[in-house]
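Overview (structure and organization)
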Amino acid sequence: MYDVCILGGGAAGLAAAASLKKNLKTCLIEKNGILGRKIMATGGGRCNITNEACEHKDSTLDFFKSIGLETYRDEEGRFFPYSNYAPDVAKILSQAALMKKTDIFTDSAVSRAERDGEGIFTVFAGKRVVRSRKLIIAMGGKAAPQTGTTGDGYSLARGFGHRVTRLYPILTPIECGDFSDIKGVRAKGAVSLYRDGEKIAHEKGEIQFTADGISGICVMNLTMKIKAEEGESVKKAFERYWVELDLAPDFSSEEVAGRENSFGILSGKLAERVSRDEMKSWRLPVRGVKGWRNAQCTGGGVALEDIDRESMESKLAPGLYFAGEILDIQGPCGGFNLQNAWETAIAAADHINRLKGEG
């Protein structure tokens, strides 16, 4: 019998374990053979911990400093570990969890979780059966399934009566057609997303051309807005969207119109594809988005209506908590989604700590 059982040894699960009081008998169950596997791949291998624009970034930075990790802020307001090495974040979180005497069970895929009439949870993970008074589900979403996040937590959430909103891959490249002739070309620009003829999002930054479309942070952020409505097919939904590229954002339409061609602003290779008249408004169809393997985050998730946002406790099953990407909370590239993981996990742990203190 444990006081707390945490499902998931990723960002949220480890932050929760590191934040719980040492006198709480805690276990953590992880599907992979190692902890923090997805953390190690974030931020291009550097782990973008949080962002200057995040409301509660200071609490996150204080938390990491308390467990021994120093950070720095880059010119764009992103915070990284001082070592610039993402595996260090996973390692220090794992060490902090072990310092709290957390029992860690790896290579253990959870198949089922139940709550009895006395409020005790029973978790089934292979041949292992664990009972606990509190349960934190922090099993991630469906993005990057190669790291083990295959959406296992959603069925558990539904089993406790929680609704899961429609899931879709976000922060991923956009497919627009055959771009093999300009694959690897990069250009400074602005990109706008249209749905049914109406502009719904706009981003600036470096646009990267792939064999079948466009990528780059400014492009991937737009995919948060590309989704099918309830009951709508994904194929039909894509037909409603297109993107428009401004590949000369620092030049007026008049300046562009006075040029003979696009070369000189655009690279030679890109100028062969994009004419002078297209430079400021090159319209491309949205034929798809790269799937779960290329996505950095999951759109949709456990609906927030039945969760206390202060404590992250379920309103349907007392003693049950949710943290991290499994929730229907998303943000753009730049540390916002990891901030969500740390913030929700620490909130859940703090609430359990307070209850223990009151008990």
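Conventions used here
- All residue numbers refer to positions counted from 1 along the written sequence of the respective chain.
- In view of the model being predicted, local features appear only for residues whose pLDDT reaches at least 70, and side-chain atom pairs are presented and counted only at 80 or more, with totals across whole chains, interfaces and linings using the full set of residues.
- Excluded from the side-chain calculation are hydrogens and water; included are all heavy atoms of the structure.
- Think of it this way: DSSP has to see at least two bridges between two strands before they count as a pair.
- Each helix corresponds to a stretch of at least 4 residues labelled H or I by DSSP, and each strand to a stretch of at least 2 residues labelled E; elements are numbered beginning at the N terminus.
- The cut-offs for exposure are 20% and 50% of the maximum accessible area for each residue type, with area from a 1.4 Å probe on protein chains only; residues under the lower value are buried, those over the upper are exposed, and the others partly exposed.
- It is the directions from the helix axis to the C-beta atoms that the arc portrays.
- The way it works is a 1 Å grid over only the protein atoms, where trapped points that fit a 1.4 Å probe form a cavity and open points with protein on both sides within 12 Å along at least five of seven lines form a pocket, and then any residue with an atom within 4 Å of a point lines it.
- Grid points are joined across faces, edges and corners, and a volume is the space filled by probe spheres set on the points.
- Between 30 and 60 degrees the pair is tilted, below 30 it is stacked and above 60 it is edge-to-face, where a pair is any two Phe, Tyr or Trp rings, Trp via its six-membered ring, whose centres lie within 6.5 Å.
- UniProt positions are given in the numbering used here, feature names are shortened, and annotations may be inferred rather than shown by experiment.
- Any two residues having at least one pair of non-hydrogen atoms within 4.5 Å are treated as being in contact.
- Note on definitions: salt bridges are taken to be side-chain nitrogens of Lys or Arg within 4 Å of carboxyl oxygens of Asp or Glu.

A separate point is the pairing of strand S9 (residues 128-137). Pairing geometry for strand S1 (residues 2-7) and S9, over five bridges, is parallel. The partner of Tyr2 across the bridge, within S9, is Ser132. Bridge count for strand S8 (residues 121-125) against S9 is five bridges, and the pairing is antiparallel. Bridge pairing in S9 places Phe124 opposite Val129. The hairpin formed by S8 and S9 contains two residues between the paired strands, and Gly126 there has a positive phi angle of roughly 65 degrees. Pairing between S9 and strand S19 (residues 320-322): three bridges, direction parallel. Bridge pairing in S19 links Leu135 to Leu320.

The subject of this paragraph is helix H2 (residues 57-66). Residues Lys57, Thr60, Leu61, Phe63 and Phe64 constitute the buried set of H2. Here the buried residues of H2 occupy an arc of 155 degrees about the axis, which is enough to place them on one side. Residues of H2 that are exposed and point over 90 degrees away from its buried face: Asp62 and Ser66. Two residues or fewer past H2, Gly68 is found with a positive phi of approximately 100 degrees.

It is worth spelling out the layout of surface pockets at this point. Taken as a whole, the second largest pocket holds about 490 Å³ of empty space. In this structure, the second largest pocket is lined by 22 residues; those nearest its centre are His56, Gln339, Asn340, Glu343 and Thr344. Elements supplying a minimum of two residues to the lining of the second largest pocket: H2 and helix H9 (336-358). Top contributing element to the lining of the second largest pocket by residue count: H9, with 10 residues.

Counted by the stated rule, this structure contains nine aromatic pairs. Look at Phe121 and Phe160: their rings are 5.9 Å apart centre to centre, the planes differ by 70 degrees, and that puts the pair in the edge-to-face class. Of this pair, Phe121 sits in strand S8 while Phe160 sits in the loop between helix H4 (152-159) and strand S10 (168-170), and the two are 39 residues apart along the sequence. Phe160 matches Phe121 in its accessibility class, with the two residues each being buried.

So, about the sheet that holds strand S4 (residues 71-73). Judged by pairing direction, the sheet is antiparallel, and its three strands sit side by side in the order S3-S5-S4 without closing on themselves. Two strands close off the open sheet at either side, each with one partner strand: strand S3 (50-51) and S4. Here two bridges tie S3 to strand S5 (residues 78-81), and the two strands are oriented antiparallel to one another. Each bridged residue has a counterpart across the sheet, and for Thr50 the counterpart in S5 is Phe79.

So, about the UniProt feature "domain: RsdA/BaiN/AoA(So)-like Rossmann fold-like" (unreviewed entry) in the protein. Here the UniProt-annotated "domain: RsdA/BaiN/AoA(So)-like Rossmann fold-like" (unreviewed entry) positions come out as residues 3-53 and 58-350. Measuring from the first to the last C-alpha atom of residues 58-350 gives 16 Å, for a span that is 23% helix and 27% strand.

This brings us to the side chain of Thr102. Among the secondary structure elements, Thr102 is positioned in the loop between helix H3 (86-99) and strand S6 (103-105). Taking relative accessible area as the criterion, Thr102 reaches 5% and is therefore assigned buried. Not counting the four nearest positions on each side in its chain, Thr102 is found in contact with Ala17, Thr26, Cys27, Leu28 and Ala97.

Tallied over the full model, the rule gives 23 salt bridges. Taking the shortest distance from any N to any O, the salt bridge between Arg163 and Glu305 comes out at 2.8 Å. Of this pair, Arg163 sits in the loop between H4 and S10 while Glu305 sits in the loop between strand S18 (297-299) and S19, and the two are 142 residues apart along the sequence. A salt bridge links Glu239 to Lys236, with the shortest nitrogen-to-oxygen separation between them at 3.7 Å. Linked through salt bridges whose partners overlap, the residues forming this network are Glu52, Lys57, Asp58 and Arg73.

Turning next to the pairing of S8. Across the five residues that make up S8, a large majority, five, are buried. Residues Phe121, Val123 and Ala125 point to one face of S8 and Thr122 and Phe124 to the other, with burial holding for every one of them. By the bridge criterion, five bridges tie strand S7 (residues 110-115) to S8 in an arrangement that is antiparallel. Within S8, the position partnered with Val110 by the bridge is Ala125. In sequence, S7 turns back onto S8 through a hairpin of five residues, with Gly119 there showing a positive phi of about 85 degrees.

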